[in-house]
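As a plain string of letters, each chain reads:
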Amino acid sequence: KPVSRSWESGDSAATSANKAIFGETSDGIGIYVGMNCTAMIEEADAAKFLYRYNNTPLETIIDTDIKKMVEDQFNMETSKYTSTDLLNHKAEIMEAVKTNVVKYFKEYGITITVLGLKEGISYENPAIQKAIDEKFASEQKLVIQQNENEANIAKAEAEAQAILIAAQAQAEANRLLAESITDKILAKMYYEKWNGTLPTVYGADANSIVQIP
């Protein structure tokens, strides 16, 4: 029947079967990753398995041979990248590890149905992990601030655009109104506002005003 393991403890002092997989980058930084693994023996492969492992239980093989092979392949792949580049190549690393390990043990009658990352990368040196966490937190704050700034700018631009549109509309209305007012309309407006009273004085300037009887 299938046997499953979760290798997830990042404690470098752990000695149990669940200890995380260890690797080292090209610049010498030790890392741990959690993985899930499930293996089984297909009926058609029973003879190959027995020939290679005799009566060794599959539980023992997954805790020893399979795990060692996984760790060896993982370390081989992580050594191709620096600690800075590692995060951008997790998928490639895991795909190479899975391909090589599955193919290797299939030749000995063991079918590995699951082999994948269970958790993120953690660093052997706690100081490195702390620095990365702080850097990530700082970057997140910067992203939040940038989003807020962009939102404020967008809001200000929208308000300015609305004001501009309103001003343009008012200017156009004034233009149309000005074009529509003719001398006849002005005369009519003056007449409508006249109360019918004739002027009582007349003069071209202040010195020539005379009283009209």
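Preceding block: the structure.
All values reported here derive from a predicted model rather than from experimental measurement. (Residues numbered from 1 in each chain as written. Predicted model: local features only at pLDDT ≥ 70, side-chain atom pairs only at ≥ 80, totals over all residues. Heavy atoms only, no water.)

A. Summary view of the sheet that holds strand 3 (residues 30-33). Strand order in the open sheet formed by three strands is 2-3-6, and the pairing between neighbours is antiparallel. The open sheet has two edge strands with one neighbour each: strand 2 (21-24) and strand 6 (122-123). Across two bridges, the pairing between strand 3 and strand 6 is antiparallel. Looking at strand 6, one finds that Ile31 is bridged to Tyr123. (Pairing = 2+ DSSP bridges. Helix = DSSP H or I, 4+ residues; strand = E, 2+ residues; numbered from the N terminus.)

B. Spatial organisation of the nonpolar core. If you look at the biggest cluster of nonpolar residues, it comprises 30 residues, and the most contacted ones within it are Trp7, Met35, Ile66, Val70, Ile110, Ile112 and Leu115. Of all the secondary structure elements, the ones that give two or more residues to this core are strand 1 (3-7), strand 3, strand 4 (35-40), helix 1 (46-53), helix 2 (58-78), helix 4 (90-106) and strand 5 (111-117). Element by element, the count of residues in this core is highest for helix 2, at seven residues. Contact partners of Leu115, with chain neighbours within four places excluded, come to Trp7, Met35, Asn36, Cys37, Val70, Met94, Val97, Lys98 and Val101. (Core = buried A, V, L, I, M, F, W, Y, C linked by side-chain atoms within 4.5 Å. Buried < 20%, exposed > 50% of the residue type's maximum accessible area, 1.4 Å probe, protein only. Contact = heavy atoms within 4.5 Å.)

C. Main features of the sheet that holds strand 4. The three strands are arranged 1-4-5 in an open sheet whose pairing can be described as antiparallel. Across the chains shown, the open sheet's two edge strands, defined by having one partner strand only, are strand 1 and strand 5. Averaged over all adjacent pairs, the angle separating strand axes in this sheet is 10°, with direction ignored. Relative to strand 4, strand 1 runs antiparallel, the two sharing five bridges. (Axes fitted to C-alpha atoms, helices over the stretch in contact; angles between N-to-C directions.)

D. Structural detail: helix 2. With 21 residues, helix 2 ought to run about 30 Å at 1.5 Å a step, and its terminal C-alpha atoms sit 28 Å apart, in line with that. The largest bend in helix 2 is about 30°, located at Ile66. Every buried residue of helix 2 is listed here: Leu58, Ile61, Ile62, Ile66, Lys67, Met69, Val70, Gln73, Phe74, Glu77 and Thr78. (Expected span 1.5 Å × (residues − 1). Bend = angle between axes of the 7 residues up to and from the residue.)

E. Focus on the side chain of Thr78. Relative to the helices and strands, Thr78 resides in helix 2. According to the relative accessible area criterion, Thr78 is buried, its value standing at 0%. In this structure the side chain of Thr78 is engaged in a polar contact, spanning 3.0 Å, whose partner is the backbone oxygen of Glu24. Among all residues touching Thr78, those that are not within four sequence positions of it are Gly23, Glu24, Thr25, Ser26, Ile31, Leu86 and Ile93. (Polar contact = N/O pair within 3.5 Å; in protein donor to acceptor, adjacent residues only side chain to side chain.)

F. Structural context of helix 4. Helix length check: helix 4, at 17 residues, gives a terminal C-alpha distance of 24 Å against a target of 24 Å (1.5 Å per residue), a fit within 8%. Looking only at helix 4, the buried set comprises Ile93, Met94, Val97, Val101 and Phe105. Projected onto a plane normal to the axis of helix 4, the buried residues spread over an arc of 90° and lie on a single side. Among the exposed residues of helix 4, those oriented more than 90 degrees off its buried face are Ala91 and Lys103. Its buried side turned inward, helix 4 meets strand 4, helix 1, helix 2, helix 3 (83-86) and strand 5. (Arc of directions from axis to C-beta.)

G. Spotlight on the packing of helix 2 against helix 4. Across the interface, helix 2 lies against helix 4 with an axial gap of 9 Å and an inter-helix angle of 145°. The handedness of the crossing between helix 2 and helix 4 comes out as right-handed. Contacts between helix 2 and helix 4 pair Asp65, Ile66, Met69, Val70, Gln73, Phe74, Glu77 and Thr78 from the former with Ile93, Ala96, Val97, Asn100, Val101, Tyr104 and Phe105 from the latter. Classifying every residue of the contact of helix 2 with helix 4 by side-chain character gives ten nonpolar, three polar and two charged. (Left-handed = near helix turned anticlockwise from the far one by under 90°. Nonpolar A, V, L, I, M, F, W, Y, C, P; charged D, E, K, R; others polar.)

H. Representation of a negative patch on the surface within the structure. A cluster of acidic side chains, namely Glu24, Asp27, Asp85 and Glu124, defines a negative patch on the protein surface. Following the sequence through the fold, Glu124 ends up in the loop between strand 6 and helix 5 (126-180). (Patch = residues over 30% accessible without salt bridge, like charges linked within 9 Å, V, L, I, M, F, W, Y side chains within 5 Å. Areas by Shrake-Rupley, 256 points an atom, 1.4 Å probe, with all protein chains shown as cover. Salt bridge = Lys/Arg side-chain N within 4 Å of Asp/Glu carboxyl O. Lys, Arg positive; Asp, Glu negative; His and termini not counted. Charge placed at Lys NZ, Arg CZ, Asp CG, Glu CD.)

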